[in-house]
Amino acid sequence: MAQKQPTRKQMLDWVNMVSFAVTEANLYLDTHPTDPAALSYFQEYSRLRNQALNDFASMYGPLTVDTARANQQMWEWVNEPWPWEGGVC
């Protein structure tokens, strides 16, 4: 049975969740730099965030400059609807 592809909103929600986890772990590590469990958590969620950003970019276009393809002749996100036009960001 084929697995259903997540919607743009579902993928964006996942990007936001893992991004939040990375930011919070980063802040914690600023004050607890020797906590091995926190460092492991940060590394895992950083990996998940990078994967989520790359997956989103491949299906819906880049969210960050890091996931924009350098060989494009123009920025892809200029073709997407802006938030005030009903776009999701």
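Rules used in this analysis
- Residues numbered from 1 in each chain as written.
- Predicted model: local features only at pLDDT ≥ 70, side-chain atom pairs only at ≥ 80, totals over all residues.
- Heavy atoms only, no water.
- Helix = DSSP H or I, 4+ residues; strand = E, 2+ residues; numbered from the N terminus.
- Expected span 1.5 Å × (residues − 1).
- Buried < 20%, exposed > 50% of the residue type's maximum accessible area, 1.4 Å probe, protein only.
- Contact = heavy atoms within 4.5 Å.
- Polar contact = N/O pair within 3.5 Å; in protein donor to acceptor, adjacent residues only side chain to side chain.
- Core = buried A, V, L, I, M, F, W, Y, C linked by side-chain atoms within 4.5 Å.

Chemist: Describe helix α2 (residues 36-60), and please don't skip the residues or the numbers.
Modeler: Under the 1.5 Å per step criterion, the end-to-end length of α2 is 36 Å for 25 residues, consistent within 8% with the ideal 36 Å. Within the sequence span of α2, burial applies to A38, S46, A52, L53, F56, A57 and Y60. Summarising the contacts, the buried residues of α2 are in contact with α1 (8-31). The N-capping residue of α2, defined by a side-chain oxygen 3.0 Å from the backbone nitrogen of A37, is D35. At the C-terminal side of α2, G61 shows a positive phi close to 105 degrees.

Chemist: Account for the nonpolar core, naming residues and giving values.
Modeler: M11, L12, V15, V18, A52, L53, F56 and Y60 form the largest nonpolar core, which has eight residues in total. Mapped onto this core, the elements with two or more residues apiece are α1 and α2.

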